[in-house]
Structure formats: C-alpha cells, structure tokens
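Given next are the chains, with one letter for each unit.
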Amino acid sequence: MITFPNAKINLGLNIVEKRPDGYHNLETVFYPVPLEDALEVNILHEGNEKFRLHQAGLKIEGEVENNLVVKAYKLLDEKFNLPPVDIHLFKHIPSGAGLGGGSSDAAYMLKLLNEKFNLALTDETLEEYAAKLGADCAFFIRNAPTYAEGIGNVFSPISLSLKGYQIVLVKPDIFVSTREAFAQIKPHRQEIPLKEIVKRPVEKEWMMNDFEESVFPQFPAIREIKEDLYKQGAIYASMTGSGSSVFGLFEPSAILPSNTFGEKTFIYRGILK
C-alpha cells in the first residue's frame, strides 16, 4: 500500500508570547502544498525484525530509529501489536525547510497503517496519536487549511481557499537553527489578529512571518529570494516556518519565474488545490 505525504506552508507566523515552560505561543495558518514524498508499507515476511526502512531520494540525516515514520509505526505497534513491516520512503520534500515533510510522513504513516490493518481509528484518535510525534503532525491527518495556535498544536478550521494559485517554493542550501531563530524573537501580538487578516484578499505583505526579522539579517540570501520572487511577479511572498524555504504565490495565469536562484537551490513549482 502506497501513499503520498505532502508539504505545507505557513501563511503568517506570529510569536505572541513566551510560556512559563520555555516554549512560545504562536499563531499561524497551515496550508497544504502538493509537493509530495512517497511512502509504501508492505508486510515483512522474512527475518526477525519488526520493521525495515528503505530510504531514497533526498538524504535524511540521523538514525533510522529516530525517523518519524518508524516512531509512528512503533506508536501504533505498542497498542495493536502490528505485523512486521517493510517501509519504503522516497523523500522529495527537503528536510529542515519549514515545509513539515517529516511531520507529514509521520501522519501519513499513521493513516496508512490504520487503513492497511483495519484499525478503525477515527480522525480524532489519529490526531491524538500524531500529536505525540510532533506539534504540527496532527495537521496532516485532515490536511486542510487550518488556523494553529498554542505551540502550533491547537487547531481550528478556517474558510480559506487558494485553489488555482500557482506556487513557487525556493529552498537555498542554508540551514536555519529553529532554536536560534526563537532565541532572537521578541514576542508580541499583532494589532489585527491573523484570523481576521486571512479573510482579506491576497496581496503583497498580506501576512507577516515574525521569524523573518531575526533570520534575514543573519542570512541575507534568504531575504534576496523573497525580493526576487516579488520582482518576478509574485503577489505574495514569505518565508515558511523558521526557514530556510521561501514561497511565492502567483496568479493562475502568471508566467512562473525560471530557475535563477542558483545551482544549490531546491525549486518546486505547482498549483494549489
């Protein structure tokens, strides 16, 4: 059985306050993007292992045991004593890019196992399991435009459709430490809540990503990508998450920019659903 975990972007990302536990409360809008990994699971009929993970595509750092698809399998295996599985994961979504690739893989693994082994778990229960794997994992269970608050784990649906808009994603060969990005943030609340801003028409600087204020001075190349997207016709451009990916939204009839962002840059072009 095969499935295709997709990426997400953040439409706006405001850090509103620091919590007593050291984390930050935020507000953002998650929107699904049709940039996809491929995930396949089959029953493992040989050997004594509970699972095997085969990885291809973009390189995934770290030990196999720490991969979120493995953690998702183990989480359900503890409850349902699942059969041994053979897992194939092809990575197309860059890691550490603010696109939620690992979180999506984990959520889709839960959904795939639920279907393959007839576990009869509801979306609500799957979201509870997903939340144990990461703050934004649960978003990918329903995979629809969502307003998120808390630490990015408290969701409410919103009425938003960007269907037909074209999107260009640009991921430079730059690593942005989320921890350092948070350390330089000064929490504040926007005058107009994000829930209200999202109702407005898409336009330049439609919403703000607070991380740009701390990331752009340290990595001017990321700011330049945003500026270039505007120069090439984007009606809205922003960094997603804490970076380093930047996206631009273009009108359905626009001619998308060519790859002028450098050889070490990941580029994706698509149409939002």
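The rules we used
Residues numbered from 1 in each chain as written. Predicted model: local features only at pLDDT ≥ 70, side-chain atom pairs only at ≥ 80, totals over all residues. Heavy atoms only, no water. Pairing = 2+ DSSP bridges. Helix = DSSP H or I, 4+ residues; strand = E, 2+ residues; numbered from the N terminus. Axes fitted to C-alpha atoms, helices over the stretch in contact; angles between N-to-C directions. Contact = heavy atoms within 4.5 Å. Salt bridge = Lys/Arg side-chain N within 4 Å of Asp/Glu carboxyl O. Buried < 20%, exposed > 50% of the residue type's maximum accessible area, 1.4 Å probe, protein only. Core = buried A, V, L, I, M, F, W, Y, C linked by side-chain atoms within 4.5 Å. Expected span 1.5 Å × (residues − 1). Polar contact = N/O pair within 3.5 Å; in protein donor to acceptor, adjacent residues only side chain to side chain. Arc of directions from axis to C-beta. Phe/Tyr/Trp six-rings, centres within 6.5 Å; stacked < 30°, edge-to-face > 60°. Lys NZ or Arg CZ within 6 Å of the ring centre and 35° of its normal.

The next point concerns the sheet that holds strand E8 (residues 154–157). With antiparallel pairing, 4 strands are arranged side by side in an open sheet as E2-E3-E7-E8. What marks the edges here is a single partner per strand, and that holds for strand E2 (6–18) and E8. Looking at each pair of strands side by side, their axes are set apart by 25° on average, direction ignored. Bridge count for E2 against strand E3 (residues 24–36) is 11 bridges, and the pairing is antiparallel. By the bridge assignment for E3, Ile 9 is matched with Tyr 31.

Further remarks concern the sheet that holds strand E4 (residues 38–43). Pairing within the open sheet is mixed, and its 4 strands lie in the order E1-E4-E6-E5. Each edge of the sheet is formed by a strand with only one pairing partner; in this case those strands are strand E1 (2–3) and strand E5 (51–57). Both E5 and strand E6 (residues 85–91) contribute to a ladder of 7 bridges, which runs parallel. Bridge pairing in E6 links Ala 56 to Phe 90. This element, helix H2 (residues 101–116), spans E1, E4 and E6 of the sheet and lies at about 35° to E4.

What follows is about the pattern of salt bridges. This model, assessed by the stated rule, comprises 15 salt bridges. The partner of Lys 50 in a salt bridge is Asp 77, with the nearest N and O atoms 3.1 Å apart. Here Lys 50, found in the loop between E4 and E5, pairs with Asp 77, found in helix H1 (residues 68–80); they are 27 residues apart in sequence, far enough to count as distant. The partly exposed category is assigned to Lys 50, whose relative accessible area is 32%.

Next up on the list: the nonpolar core. Within the largest apolar cluster, 54 residues are counted, with the highest numbers of intra-cluster contacts made by Leu 11, Leu 162, Trp 206 and Leu 229. Apart from the residues within four sequence positions on either side, Trp 206 is in contact with Leu 11, Leu 160, Leu 162, Ile 197, Val 198, Arg 200, Pro 201 and Tyr 236. One finds Leu 53, Val 85, Leu 89 and Ala 148 within the second-largest nonpolar core, a separate group that totals 35 residues.

A cis geometry characterises the amide bond from Gly 243 onward to Ser 244, with omega recorded as 10°. Despite not being glycine, Asn 81 has its phi angle at roughly 50°, a positive value. Of note, Asn 81 is situated in the loop between H1 and E6. In the Ramachandran plot, Ala 120 falls in the positive-phi region, its phi being about 60° despite a non-glycine side chain. Turning to its location among the elements, Ala 120 is positioned in the loop between H2 and helix H3 (123–131).

Its 13 residues give H1 an end-to-end C-alpha distance of 18 Å, which sits within 8% of 18 Å, the value for a rise of 1.5 Å per residue. Along H1, the residues classified as buried are Val 69, Val 70, Ala 72, Tyr 73, Leu 75, Leu 76 and Asp 77. The elements touched by buried residues of H1 are E4, E5, E6, H2 and H3. Sitting at the amino-terminal end of H1 is Asn 67, which places a side-chain oxygen 3.0 Å from the backbone nitrogen of Val 69. Just downstream of H1 lies Asn 81, where phi reads positive at about 50°.

With 12 residues, helix H8 (residues 220–231) should cover 16 Å at 1.5 Å per step; its first-to-last C-alpha distance of 16 Å lies within 8% of that length. Every buried residue of H8 is accounted for by Ile 222, Ile 225, Lys 226, Leu 229 and Tyr 230. All buried residues of H8 project into a common sector of 140° when viewed along the axis, lining one side. Residues of H8 that are buried in the fold lie against strand E9 (166–171), helix H7 (211–218), strand E10 (236–239) and strand E11 (246–250). Phi turns positive one or two residues past the end of H8, at Gly 233, with a value near 110°.

Before going further, it helps to spend a moment on the packing of aromatic side chains. Inspection of the entire model under this criterion finds 7 aromatic pairs. Here Trp 206 and Tyr 236 contribute two aromatic rings whose centre-to-centre distance is 5.5 Å and whose plane-to-plane angle is 85°, an arrangement assigned as edge-to-face. Separated by 30 residues along the polypeptide, Trp 206 in the loop between helix H6 (194–197) and H7 and Tyr 236 in strand E10 bring together distant segments of the chain. Assigned by exposure class, Trp 206 and Tyr 236 land together as buried. Within the aromatic cluster, the residues linked to one another by ring pairs are Phe 30, Phe 139, Phe 140 and Phe 155. Above the plane of the ring of Tyr 108 lies Lys 111, whose end atom (NZ or CZ) is 3.9 Å from the centre.

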